Amino acid sequence: MGFRYVAFEGDPVGAKRKVLQCRNLLRVQSTYVCMRARCNEHEIEVGMKAIDDDCKGKTFDWSVIDNITQSDEAGFHQIGYEDLRKKKPKYDEPLTLTDHLYELSWRTMYEREEADSDEWNYGHAMLGFWGGVVGIGLLNRIFTLVLSWLDRGSYGQNRPNRVMSKLRTWTRKHITTPGLFGYHCSHPLGYCTIPPRLQALTVFAYVTLNVVLSSVDYHAFHNNLSYELKSSQIYRYFADRCGFFSLVNMPILWIFAMRNDVLIWLTGWTYATYNRFHRWAARLATLEALLHGIFYTVSYLQSGKKKYNLESKRRFFWMGIISVSCMCLLCAFSVRPIRKRFYEFFLLCHIAFAALILVGVYYHLKIFLEEFIGYTWACVALWSVDRVCRVIRIASLNRIGHQSIAVYNPEAQTIKLDVPVRSWFRPKQGSYYFVYLMHGSKVWENHPFTLSSWTISSPSETTGAATRRPRPKNVNLSFIIRPQQGFTARLRDLVVMNSRNTKDQEAGATGGAVPIRRFQSPVRVLVEGPYGVPQTLRLDRYNSALLIIGGSGITVALGHLRSLLDVLETQMPIRLQRITLVWAVRDAAMFFEVFDDELGDFWRRQSSQTTSRLKLQIDLHISDPIAIMQYSASIAGDGPSSRSDPEKITCLTSTSTVPTSTPKGKRYAELPPHVNVIYKRPPIQNIIESEASLCSDKGHSLAIVACGPSRMVDDTRAAVVAEMHNGHDCITFFPEQM
Ligand SMILES: Cc1cc2nc3c(=O)[nH]c(=O)nc-3n(C[C@H](O)[C@H](O)[C@H](O)COP(=O)(O)OP(=O)(O)OC[C@H]3O[C@@H](n4cnc5c(N)ncnc54)[C@H](O)[C@@H]3O)c2cc1C
Ligand SMILES: NC(=O)c1ccc[n+]([C@@H]2O[C@H](COP(=O)([O-])OP(=O)(O)OC[C@H]3O[C@@H](n4cnc5c(N)ncnc54)[C@H](OP(=O)(O)O)[C@@H]3O)[C@@H](O)[C@H]2O)c1
């Protein structure tokens, strides 16, 4: 080390320091003599290996000092620390080091190695942290599966271990169900989304780990041979550590961004959960890369402007600048307002910048050790695997030559999309698929939609006959889509443009009411899926279920009902006895659109022996102020039983007074029992309070599912937490998160 900072006659001009020590006999002899005098055999072996690695095997043999005796050595010129700081003469003889310079050289190397090993260990602690988090998630999953397997035949008669059960209840009440603090969770607070408490704590621990591990264990000393000032040493070590942390965080953020993520499968946590982790890993990686750049720049400038100018011309330097700039821009373009308003722009920027970052980081690191490059390749590998899996899913699922049918109901503001696919597996409730529209120029654009229903048409499935050779099933997947402004609006416009503008087939069924116009058209779409972790939420494992749904969130409820029909038809006893569906819609048209089809299917089949074991009650809440006013007016003139205060009389059932004066009123009259039509928003707190009172029955378990506008989901969460604190421990809450 000490000889690195002196010049010998014959040093190749412009060569790097590492190369110098391989090429110049005087320098090599000085080094070897120093090693012989001050190191033991093992140290010499290690030192020679290091030199050999640096010189790629091309250096002088140890025998070049065979002829140098101890008395020769005593006659060598001895250099001290002060000599290094003087104007450098070129030495034409081998040198030795003073004890002081030797100590400084040794300490400089030692501290550098310590800094490198801390950087390595602390950086990998990040991987260890996420390994631990995923490991806990996996254990929890296994534990839950084992419990439900043990409980499968007893239908709640086997009570799990009391301590475990108390622990689970406590965890649900205080950690897994509530938002981080206060009300906000699904609904954003300003521009920020606040994760649920457990996720927030995990993120907090991760950020803390990054901050603490990037701040501790720096050892600077005066007269370090590499960086004289203590501050320079700290800047340099800190910059290195931040750079390495940023690099380690990159595969982490990539793995959390994958649609086809094995971690989702292992832990049963949703994509939304991993997406939150992804965002934090990305923010940290960006901040660390930025600090890496800033502190390296400061450290170069401390070594003089000349050094800075020299470095800034090198490719690694400006590739680093490109990468950091892209990372910052990527974070800036991912803020919620941009994501919400210009989703496609956000997505395109994300992909383009991510690719640029990888290229930039690759060339930034190419000049360093090979091992760093591995992290870049890991990201490339994860990205490629995800993309390949997407293509495989599309190729294996879609049936070429079979067109999908889309039906748009303008009154209900919904598009029903039926897609024929072939699938090796039965579709499951709660899964979602990405839909691609193969019309127009944006065929790459794809959006997620929850599966609302499905039919299986392969003969082997419908008859239940065992087939010898397994073949994929022909499955029809149904989606309910609420048109927004982008992709979904294009789909709607396409259907309207292409449609035959047919009258609804079932118009007669409305009892002569105004026929509903629907637009129907074949469309070319591709679907990619299924995604989601349906196994985690099975309503048949609870005694009762309450579904709090807003608008198009009904797809989630329909998926569960469809799946329950399958379970009921197996004739196996199930624990679930009662489902209450509370569905808020702006206008009843959406309800009838679904009721005529998917929900009606459940009612029709429910009257059969097989499904009558399960009671379904629907509370339909209509929130449109005009509909509420019309309703109030109609009941005001409806005779003695009517009351004019809409707040008091807001609930009508098919068995109670029905305002048949409106076209919709006629349809209400045809509704089956236990459908309540209520003209106001659902009072979520009251609903949950009354449902939670069932918990007083010993051993009762209640699943509450919420899907709809974010405020509705947060209201439900808040009410559930309040009930849990009121001692109603039987509730498990399942928010459908975006
Ligand atoms: C898991 C999941 C399941 C869903 N299931 C349904 C469903 O069954 N029925 C339904 O009507 N809607 C569903 N949605 C919402 C649906 O994906 C969006 O409404 C749709 O992507 C909007 O497309 P757009 O271009 O018309 O939206 P825009 O009008 O451009 O934007 C409307 C909103 O949709 C969001 N959005 C836009 N593109 C995407 C995207 N690719 N991924 C996620 N969000 C996006 C935007 O941030 C914005 O908030 C689901 C969303 C998720 C995440
Ligand atoms: N994750 C999934 O799987 C999935 C699937 C489908 C849909 N979704 C999401 O579900 C949402 C549904 O949107 P939409 O446009 O179809 O619904 P919407 O029409 O905006 O709202 C539906 C109903 O919910 C009521 N509502 C809203 N907030 C409420 C609250 N806090 N308390 C009580 N009632 C409330 C509304 O009343 P007002 O009219 O008074 O506001 C309205 O009647 C979207 O965000 C969609 O992305 C998610």
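In this report, we go over the structure that sits alongside the text.

Things to note about the overall build of the protein chain
Looking only at helices and strands, the protein chain features 24 helices and 18 strands. In the protein chain, which comprises 738 residues, the share counted as buried stands at 48%. Of the contacts made within the protein chain by residues no fewer than 6 positions apart, 72% connect residues no fewer than 24 positions apart.

Re the site of ligand 2
Near ligand 2, the surroundings consist of 23 residues, among which Thr450, Ser552, Arg586, Ser623 and Asp715 are the closest. The side chain of Thr450 places a nitrogen or oxygen atom 2.7 Å from an oxygen atom of ligand 2. One of the backbone nitrogen or oxygen atoms of Val585 is found 3.4 Å away from an oxygen atom of ligand 2. Contact with the protein chains covers 80% of the free accessible surface of ligand 2, which is 940 Å². Of all the secondary-structure elements, those providing two or more residues to the shell around ligand 2 are helix H19 (554–569), strand E13 (578–585) and helix H24 (710–725). If you tally residues by element for the shell around ligand 2, the top one is H24, at 3 residues. Looking at the shell around ligand 2 residue by residue, the classes come out as 9 nonpolar, 8 polar and 6 charged.

A word on the environment of Glu723
Inspection of the secondary structure puts Glu723 in helix H24. Spatially, the C-alpha atom of Glu723 lies 7.7 Å from that of Ile688, the residues being 35 residues apart in sequence. Beyond its immediate chain neighbours, meaning those up to four positions away, Glu723 contacts Ile688, Glu689, Ala692, His728 and Ile731. Within polar-contact distance, the side chain of Glu723 engages the side chain of His728 at 2.7 Å.

Structural notes on the site of ligand 1
In the neighbourhood of ligand 1, 20 residues make up the surrounding shell, with His447, Arg482, Gln485, Phe487 and Thr488 lying closest. Between ligand 1 and Thr488 there is a distance of 2.4 Å, counted from an oxygen atom to a side-chain nitrogen or oxygen. In the complex, the protein chains occlude 82% of the 860 Å² of accessible area that ligand 1 would expose alone. Within the residue set of the shell around ligand 1, elements represented by two or more residues are helix H14 (336–341), strand E8 (446–456), strand E9 (473–481) and helix H18 (487–498).

Re the sheet that holds strand E11 (residues 525–531)
Strand order in the open sheet made by the 7 strands is E10-E5-E6-E9-E8-E7-E11, with antiparallel pairing throughout. Across the chains shown, the open sheet's two edge strands, defined by having one partner strand only, are strand E10 (519–523) and E11. Here the average twist between neighbouring strands, direction ignored, is 35°. In this structure, strand E6 (residues 414–423) lies alongside E9, joined through 9 bridges in antiparallel fashion. Bridging across to E9, Val419 finds its partner in Leu477. Contacts from H19 reach E8 and E9, with the element oriented near 30° to E8.

As for the state of the cysteines
Applying the stated criterion to the full structure yields 2 disulfides. A sulfur-sulfur separation of 2.0 Å characterises the disulfide bridge that pairs Cys22 with Cys55. Torsion about the S-S bond of the Cys22 and Cys55 cystine: about -85°, corresponding to left-handed handedness. Of this pair, Cys22 sits in helix H1 (residues 17–23) while Cys55 sits in the loop between helix H3 (41–54) and helix H4 (70–74), placing them 33 residues apart in sequence. For the pair Cys22 and Cys55, a shared accessibility class is recorded, and that class is buried. Each disulfide pairs two cysteine sulfurs, and for Cys695 the partner residue is Cys730, the sulfurs being separated by 1.8 Å.

Some remarks on the pattern of salt bridges
Applying the stated criterion to the full structure yields 18 salt bridges. Arg38 is the salt-bridge partner of Asp99, the closest N and O atoms lying 3.0 Å from each other. Taken together, the residues span a long stretch of sequence, with Asp99 in helix H6 (residues 99–150) and Arg38 in helix H2 (residues 25–38) at a distance of 61 residues. Residue Lys49 pairs with Asp53 through a salt bridge whose shortest N-O separation is 3.1 Å. Within this pair, Lys49 and its partner Asp53 are both found in helix H3, separated by 4 residues, close to a single helical turn. Accessibility expressed as a relative area gives 52% for Lys49, which makes it exposed. Each of the salt bridges in this network shares a partner with another, and the network as a whole consists of Arg112, Asp116 and Asp240.

What about the pairing of strand E5 (residues 404–409)?
Among the 6 residues of E5, 5 are classified as buried, and the element is accordingly described as predominantly covered. Two elements, E5 and E10, share 5 bridges in a ladder whose sense is antiparallel. Each bridged residue has a counterpart across the sheet, and for Tyr408 the counterpart in E10 is Phe519. Note that E5 and E6 share 5 bridges and pair antiparallel. Paired with Tyr408 across the strands is Ile415, a residue of E6. Connecting the antiparallel pair E5 and E6 is a turn made up of 4 residues, with Gln413 showing a positive phi of about 55°.

Section: empty space enclosed by the protein
Under the criterion given, the structure shown has 3 cavities of 30 Å³ or more. The volume enclosed by the largest cavity comes to roughly 70 Å³. Considering the residues around the largest cavity, the lining is formed by Ser452, Ser453, Leu558, Leu561, Arg562, Leu565, Glu598, Asp601 and Phe602. Listing elements by their share of the lining of the largest cavity, those giving two or more residues are E8, H19 and helix H20 (588–606).

Describing the nonpolar core
Counting residues in each nonpolar core, the largest one holds 49 residues, and the members touching the most others are Leu581, Trp583, Phe591 and Leu599. Where this core is concerned, the elements lending two or more residues are strand E12 (544–550), H19, E13, H20, strand E14 (615–622), helix H21 (625–636), strand E16 (675–678) and strand E17 (702–707). Within the second largest apolar cluster, 46 residues are counted, among which are Met258, Ala354, Val361 and Cys379.

Focus on the packing of aromatic side chains
For the structure shown, the criterion picks out 37 aromatic pairs. Judged by centre distance (5.1 Å) and plane angle (80°), the ring pair of Phe129 and Trp130 falls under edge-to-face. Residue Trp130 is classed as buried on the basis of its relative accessible area, which comes to 5%. For the ring pair Tyr218 and Phe238, a centre distance of 6.3 Å and an interplane angle of 70° mean the geometry is edge-to-face. Note that Tyr218 is positioned in the loop between helix H8 (197–215) and helix H9 (230–257) and Phe238 in helix H9, a separation of 20 residues in sequence. The burial state of Tyr218 is the same as that of Phe238; both residues are buried. Here the aromatic cluster, defined as three or more aromatic residues joined through ring pairs, consists of Phe129, Trp130, Tyr206, Phe256, Trp269, Tyr274 and Phe277.

Re a positive patch on the surface
Where like charges cluster on the molecular surface, the positive patch consists of Lys16, Lys18, Arg23, Lys56 and Lys58. For Lys16, the location among the structural elements is in the loop between strand E1 (7–8) and H1. A residue is classified by how much of its surface remains accessible, and Lys16, at 60% relative accessible area, is exposed.

Some details on helix H23 (residues 684–692)
Among the residues making up H23, those that are buried are Ile684, Ile687, Ile688, Glu691 and Ala692. Looking straight down H23, one finds that the buried residues subtend no more than 125° of arc, so they occupy a single side. Buried positions along H23 lie against E12, E13, E14, E17, H24 and strand E18 (731–735).

Criteria and thresholds
All residue numbers here refer to positions counted from 1 along the written sequence of the relevant chain. To label them, take the chains in the order written and letter them from A, then take the ligands in the order written and number them from 1. Totals for whole chains, interfaces and linings use all residues, but because this is a predicted model, local features are given only for residues with pLDDT of at least 70 and pairs of side-chain atoms are given and counted only at 80 or more. By convention in this description, side-chain values take in all heavy atoms of the structure and omit both hydrogens and water. Only runs of H or I of at least four residues qualify as helices and only runs of E of at least two qualify as strands under DSSP, and these elements are numbered from the N terminus. Working definition: with a 1.4 Å probe on protein chains only, accessible area under 20% of the residue-type maximum means buried, over 50% means exposed, and in between means partly exposed. Contact between two residues is taken to exist if any of their heavy atoms lie within 4.5 Å; hydrogens are not considered. Near is defined per residue: the residue qualifies when any heavy atom it owns lies within 4 Å of the molecule or strand. Whenever a nitrogen or oxygen atom comes within 3.5 Å of another N or O atom, the pair is scored as a polar contact, on the condition that within protein one atom can donate a hydrogen and the other can accept it, and that pairs from neighbouring residues in sequence are kept only if both atoms are in side chains. Surface exposure here means Shrake-Rupley accessible area, sampled with a 1.4 Å probe, where a residue is shielded only by the protein chains that are shown. Following the grouping adopted for this structure description, the nonpolar residues are Ala, Val, Leu, Ile, Met, Phe, Trp, Tyr, Cys and Pro, the charged ones are Asp, Glu, Lys and Arg, and the polar ones are all others, Gly among them. A pair of strands is treated as paired once DSSP finds two or more bridges between them. For helices, the fitted line uses only the C-alpha atoms of the stretch in contact; every axis is such a line through C-alpha atoms, and the angle between N-to-C directions lies from 0 to 180 degrees. By convention in this document, the label disulfide applies to cysteine sulfur atom pairs within 2.5 Å. Any Lys or Arg side-chain nitrogen found within 4 Å of a carboxyl oxygen on Asp or Glu counts as a salt bridge. Residues are said to line a cavity or pocket when one of their atoms sits within 4 Å of a point; the points come from a 1 Å grid over protein atoms alone, cavities being sets where a 1.4 Å probe fits but cannot get out and pockets being open sets with protein on both sides within 12 Å along at least five of seven lines. Grid points are joined across faces, edges and corners, and a volume is the space filled by probe spheres set on the points. Only buried residues count toward a nonpolar core, which is a set of Ala, Val, Leu, Ile, Met, Phe, Trp, Tyr and Cys residues joined through side-chain atoms within 4.5 Å. Between the rings of Phe, Tyr and Trp (Trp by its six-membered ring), a pair exists once the centres lie within 6.5 Å; its type follows the angle of the planes, with under 30 degrees stacked, over 60 edge-to-face, and the other angles tilted. Here the term patch refers to residues with relative accessible area over 30% and no salt bridge, with like charges joined within 9 Å and nonpolar side chains (Val, Leu, Ile, Met, Phe, Trp, Tyr) within 5 Å. Positive: Lys, Arg. Negative: Asp, Glu. His and the chain ends are not part of the count. Taken as the charge centre is NZ of Lys, CZ of Arg, CG of Asp or CD of Glu, depending on the residue. In this context, the arc is that of the directions from the helix axis out to the C-beta atoms.

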